[in-house]
Amino acid sequence: MAVEMHAGLASDGGSKLKMLLTFVDTLPNGSEKGTFYGLDLGLGGSRSSILGCQVETQPIPQHLLTGSNEELFDFIATRLKIFIEKEGNEDVLPLGRTRELGFTFSFPIRQISVSSGVLIKWTKGFSIEGTVGGDVTQFLEEAMARVGLDMKVSALVNDTVGTLALSHYHDEDTIAAVIIGTGTNACYVERTDAIIKCQGLLTNSGGMVVNIEWGNFWSSHLPRTPYDVALDDESPNRNDQGFEKMISGMYLGEIVRLVLCRMAQESDIFGDAPAPSLAAPFSLRTPMVAAMHEDDSPDLREVGRVLEEALQIPVAPLKTRRLVVRVCDVVSRRAARLAAAGIVGILKKVGRDGSGGFAGGRSKGKPRRTVVAIEGGLYAGYAMFREYLDEAVGEILGEDVAQSVVFRISEDGSGVGAALLAASRSPENQSTF
Ligand code: BGC
């Protein structure tokens, strides 16, 4: 991972890691003031009320995920307008001042400024026509104008960057953020002089947040199973997002299903008649894998329930249920350990893995405190996954260094983080890392 990060920083196309510039060179530090708005376009997650914010979730109707660009952005702009009208505190902004929005867009975008960017590709099952290659900010601003909403996008950020911003607001030792949810990705603070592909890049802080897009990481060192190959073959984005397909919530359930399917073909552990649902792609979702994996009842009741409800496998014997738990364990443990290795790769890249003495972030022999924000259901809501990830980080770094690394769980805060970034760009709130 560290080697590929170097390559992706050296030249565009130099690695499967895009290492996207974000133009975020200042992060919120807790002193931001004012009324700012955040919009998070992504999948899943429930929102809690954080930071004295009013937060509202709107599920995107399924047909819009594969519909037209205009329909999607009109839907978003309309919901946003309704939210603002409901909020009813028009007087918080001085008359004539446009509302400022931080827009979290959880897909790879190529940016030329902090407030605009072009969509490189859709991931996670989105496939909306007419968006790839276009400026996402422009799409949203045009839709806002169509519905009569006076608002401008002052920060367009990846969800990892929003998460980093929110964590940095609370804790200035935060240097990276990782998402392990429906998709997976990470961003971190890089020195501008290390971003070779953009010579002469100058920022006040001397740093810039880089969006790694690690979901697309691949290496010949990664062992690939026939199940990974089968999953890739049936996906709409073949040969793409290989790391994501081994780690994130969109895919873990499907990998487990593919393994169980093969077991059903080669043995009679699920009885004689193959269950039709077992053969249906994506019939087993990752939350069900977590529920089966964490079933601590002596007769594995929950496992029986999931097998019956999701896959229509009637009363599997205890021995079979134990095997199913074992499969869930292997698949999620691999995912957690790969994510852990990715995190250590980032720490290595920025010299916080304890390998480089003083340059490695040690002062007076003690490793420096390093905070990594983590968001997404797999880490926050799946205890076994979290345990495996923490354990692997400890194993790779050694306990001494691992103790200086703090994982800060951030719950669905990337939209709030984007609003904070909009705030920190405002003249009255200037700050640097
Ligand atoms: C996207 C990233 C995003 C991640 C987590 C991936 O599929 O490519 O941009 O950060 O999902 O939401």
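Just so it is clear, the structure is predicted and the values come from calculations on it, not from any experiment.

Draft legend 1. Representation of the nonpolar core in the model. Membership of the largest hydrophobic core comes to 79 residues, with the highest contact counts inside it found for Trp 214 and Leu 389. For this core, the leading source of residues is helix α10 (residues 318–349), giving 14 residues. With 32 residues, the next largest nonpolar core counts Leu 80, Leu 101, Phe 139 and Leu 140 among its residues.

Draft legend 2. Looking closely at the site of the ligand. Thr 123, Asn 158, Asp 159, Glu 213 and Glu 244 are the nearest of the 14 residues found near the ligand. Contact between the ligand and Phe 107: an oxygen atom at 3.5 Å from a main-chain N or O atom of the residue. Residue Asp 159 places a side-chain N or O atom 2.5 Å away from an oxygen atom belonging to the ligand. For the ligand, whose free accessible area comes to 310 Å², the fraction covered by protein is 98%. Taken together, the residues that form the shell around the ligand break down as three nonpolar, seven polar and four charged.

Draft legend 3. Spotlight on the environment of Ser 127. Locating Ser 127 in the fold gives a position in the loop between β5 (116–119) and α3 (136–146). Sequence separation between Ser 127 and Gly 183 is 56 residues, and the spatial gap between their C-alpha atoms is 15 Å. With sequence-adjacent residues up to four places away left out, Ser 127 is seen in contact with Leu 65, Thr 66 and Trp 122.

Draft legend 4. Broad picture of the packing of aromatic side chains. Per the stated rule, a full pass over the model turns up eleven aromatic pairs. Consider the rings of Phe 73 and Phe 139, whose centres lie 5.6 Å apart with planes at 35°: the pair is tilted. You can see Phe 73 sitting in helix α2 (residues 69–87) and its partner Phe 139 sitting in helix α3, a full 66 residues away along the chain. For the pair Phe 73 and Phe 139, a shared accessibility class is recorded, and that class is buried. Ring geometry for Phe 217 and Phe 243: centres 5.1 Å apart, planes at 80°, overall edge-to-face. With Phe 217 in the loop between β9 (207–211) and α5 (226–234) and Phe 243 in helix α6 (residues 242–247), this residue pair connects regions lying 26 residues apart in the sequence.

Draft legend 5. Looking closely at α5. Looking only at α5, the buried set comprises Tyr 227, Asp 228, Leu 231 and Asp 232. In a view along the axis of α5, the buried residues occupy a sector of 135°, so they form one face of it. The inward-facing, buried residues of α5 abut α6, α7 (249–266) and α10.

Draft legend 6. Spatial organisation of the sheet that holds strand β3 (residues 99–105). Within the open sheet, the three strands sit side by side as β2-β3-β6. Their pairing is parallel. Edge positions in the open sheet fall to β2 (37–41) and β6 (151–157), since each of these has one partner strand only. On average, adjacent strands in this sheet sit at an angle of 30° to one another, irrespective of strand direction. In this structure, β2 lies alongside β3, joined through five bridges in parallel fashion. Opposite Leu 41, over in β3, you have Phe 105 as the bridge partner.

Draft legend 7. Just the pairing of β3, in detail. For β3, the tally of buried residues reaches seven of seven residues, placing the bulk of the element in the interior. Judged by which residues are buried, β3 turns out to be covered on both faces: Arg 99, Leu 101, Phe 103 and Phe 105 on one side and Glu 100, Gly 102 and Thr 104 on the other are all buried. Here six bridges tie β3 to β6, and the two strands are oriented parallel to one another. The residue bridging Phe 103 from the neighbouring strand is Leu 156, located in β6.

Draft legend 8. Highlighting the environment of Thr 123. Counting through the fold element by element, Thr 123 comes out in the loop between β5 and α3. On the accessibility criterion, Thr 123 (4% relative accessible area) is buried. Taking the C-alpha atoms as reference points, Thr 123 and Glu 32, 91 residues apart in sequence, are found 33 Å from one another. Setting aside residues up to four positions removed in sequence, Thr 123 forms contacts with Ser 106, Phe 107, Pro 108, Gln 241 and Glu 244.

Draft legend 9. Focus on the pairing of strand β8 (residues 184–191). Of all the eight residues making up β8, six are buried; the element is thus mostly covered by neighbouring parts of the structure. Where strand β7 (residues 174–180) lies against β8, five bridges are found, and the strand directions are antiparallel. Each bridged residue has a counterpart across the sheet, and for Ala 177 the counterpart in β8 is Cys 187. The hairpin formed by β7 and β8 contains three residues between the paired strands. Two elements, β8 and β9, share five bridges in a ladder whose sense is antiparallel. Residue pairing for β9: Tyr 188 is matched across the bridge by Val 210.

Draft legend 10. A look at the sheet that holds strand β1 (residues 20–21). Pairing in this open sheet of six strands is mixed, and the strands run β1-β9-β8-β7-β12-β13 from one edge to the other. Only two strands of the sheet have a single partner each, and these edge strands are β1 and β13 (405–409). Here β7 runs beside strand β12 (residues 370–375); their pairing, made up of five bridges, is parallel. In the strand pairing of β12, Thr 174 is matched with Val 371.

Draft legend 11. Region of the structure containing the side chain of Ser 424. Here Ser 424 shows up in helix α14 (residues 414–425). A relative accessible area of 0% means that Ser 424 is categorised as buried. From its side chain, Ser 424 meets the backbone oxygen of Leu 421 in a polar contact 3.2 Å long.

Reading guide: rules and limits
- Residues numbered from 1 in each chain as written.
- Predicted model: local features only at pLDDT ≥ 70, side-chain atom pairs only at ≥ 80, totals over all residues.
- Heavy atoms only, no water.
- Core = buried A, V, L, I, M, F, W, Y, C linked by side-chain atoms within 4.5 Å.
- Buried < 20%, exposed > 50% of the residue type's maximum accessible area, 1.4 Å probe, protein only.
- Helix = DSSP H or I, 4+ residues; strand = E, 2+ residues; numbered from the N terminus.
- Near = heavy atom within 4 Å.
- Polar contact = N/O pair within 3.5 Å; in protein donor to acceptor, adjacent residues only side chain to side chain.
- Areas by Shrake-Rupley, 256 points an atom, 1.4 Å probe, with all protein chains shown as cover.
- Nonpolar A, V, L, I, M, F, W, Y, C, P; charged D, E, K, R; others polar.
- Contact = heavy atoms within 4.5 Å.
- Phe/Tyr/Trp six-rings, centres within 6.5 Å; stacked < 30°, edge-to-face > 60°.
- Arc of directions from axis to C-beta.
- Pairing = 2+ DSSP bridges.
- Axes fitted to C-alpha atoms, helices over the stretch in contact; angles between N-to-C directions.

Nothing here speaks to function; it is all geometry.
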